[in-house]
Amino acid sequence: MIVSVVAGNPKPASRTLSAASLLASTLTGKEPDHVVDVVDLGAGLLGWGDSAVAAAVETVANSDLVVFASPTFKATYTGLLKLFLDQFSTSDGLQDVTAIPLMLGAGPAHFMAPDLLLKPVLVELGATVPAAGLYVVDKLYDDAEAFQPWIDRWGSVVLASANVTVSAGDR
C-alpha cells in the first residue's frame with residue numbers, strides 16, 4: 001500500500017504536516033511513502049504545466065491512501081490546498097485513492113469543517129472517503145492519543161478501503 005501525506009499549510013514543515021504524518025504512521029504502522037508539503041511547490045501552483053507540481057499530483061494520484069491536511073483558516077481549508085487540489089481532474093483525478101480529510105484548529109468551533117468543506121472536494125475529484133473527517137485541536141498535533149478515538153472507530157474501514165483499491169489497481 002502506497003501511503004502519502006499532503007499538507008496545505010502556508011508555513012513549511014508545519015504542525016499540520018507533522019499531524020498528518022503522525023496520523024498516517026499511527027494508522028498504518030509505517031512512515032508515509034511520500035510527503036507533499038504544498039508550500040514547497042511555490043508559484044508553480046498558480047498556473048498549469050509546472051513540472052514539480054505535475055510530479056506531486058502524479059505521486060498523490062498513484063497513492064492508495066492519502067491524508068489531506070489543512071489548518072482551519074477562515075472556517076475552511078487553506079487556499080494553498082485549494083490551489084493544489086485544482087490541479088487534479090474532476091471526477092477521476094483521485095480515482096482509486098482512499099482519502100482522509102484532516103484539519104487542525106484552535107478550538108472545537110469548526111470540528112465539522114473536514115466533513116462539510118474538505119471531504120466534498122475530495123469526493124468530487126474521485127477519491128473514496130469512507131470515513132468521517134478528523135478535526136484535531138492544534139495544541140494536540142503531535143499527540144497520537146488525540147487521533148486514537150478516530151482510528152479506533154474508522155481505522156479498519158479506511159484501511160479496508162485502501163486495500164480494496166490496491167487490489168483493484170494492482171499497485
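About the thresholds
Residues numbered from 1 in each chain as written. Predicted model: local features only at pLDDT ≥ 70, side-chain atom pairs only at ≥ 80, totals over all residues. Heavy atoms only, no water. Core = buried A, V, L, I, M, F, W, Y, C linked by side-chain atoms within 4.5 Å. Buried < 20%, exposed > 50% of the residue type's maximum accessible area, 1.4 Å probe, protein only. Helix = DSSP H or I, 4+ residues; strand = E, 2+ residues; numbered from the N terminus. Contact = heavy atoms within 4.5 Å. UniProt positions renumbered as here; feature names shortened; annotations may be inferred. Pairing = 2+ DSSP bridges. Right-handed = clockwise from strand over helix to strand, strands pointing away. Patch = residues over 30% accessible without salt bridge, like charges linked within 9 Å, V, L, I, M, F, W, Y side chains within 5 Å. Areas by Shrake-Rupley, 256 points an atom, 1.4 Å probe, with all protein chains shown as cover. Salt bridge = Lys/Arg side-chain N within 4 Å of Asp/Glu carboxyl O.

**Topic: the nonpolar core**
- Judged by nonpolar contacts, the single largest core of 29 residues is most densely connected at Val-6, Val-60, Phe-68, Phe-84, Leu-94 and Leu-122.
- Of all the secondary structure elements, the ones that give two or more residues to this core are α2 (51-61), β3 (65-71), α3 (79-85), β4 (98-105) and α4 (113-124).
- When neighbours within four sequence positions are excluded, Phe-84 is seen to be in contact with Val-6, Val-36, Val-38, Leu-41, Leu-45, Ala-56, Val-57 and Val-60.
- Membership of the second largest hydrophobic core comes to 23 residues, among which are Leu-17, Ala-19, Trp-150 and Ala-162.

**Remarks on the UniProt feature "domain: NADPH-dependent FMN reductase-like" (unreviewed entry) in the chain**
- What UniProt calls "domain: NADPH-dependent FMN reductase-like" (unreviewed entry) maps, in this numbering, to residues 2-139.
- Within the segment residues 2-139, helix and strand shares are 32% and 20% respectively, and the terminal C-alpha atoms sit 29 Å apart.

**Things to note about the pairing of β4**
- Counting buried positions along β4 gives eight out of eight residues, so the element sits mostly inside the fold.
- Taken together, the seven bridges between β3 and β4 define a ladder with parallel strand orientation. Considered in β4, the bridge of Ser-70 is made with Met-103.
- As for the winding sense of the linkage, the β-α-β connection from β3 through α3 to β4 is right-handed.
- Across four bridges, the pairing between β4 and strand β5 (residues 134-137) is parallel. Of the residues in β5, the one forming a bridge with Leu-102 is Leu-134.
- Read as a crossover between parallel neighbours, the route from β4 over α4 to β5 is right-handed.

**Some details on a nonpolar patch on the surface**
- A cluster of nonpolar side chains, namely Phe-111, Met-112 and Leu-116, defines an oily patch on the protein surface of about 320 Å² accessible area.
- Locating Phe-111 in the fold gives a position in the loop between β4 and α4.

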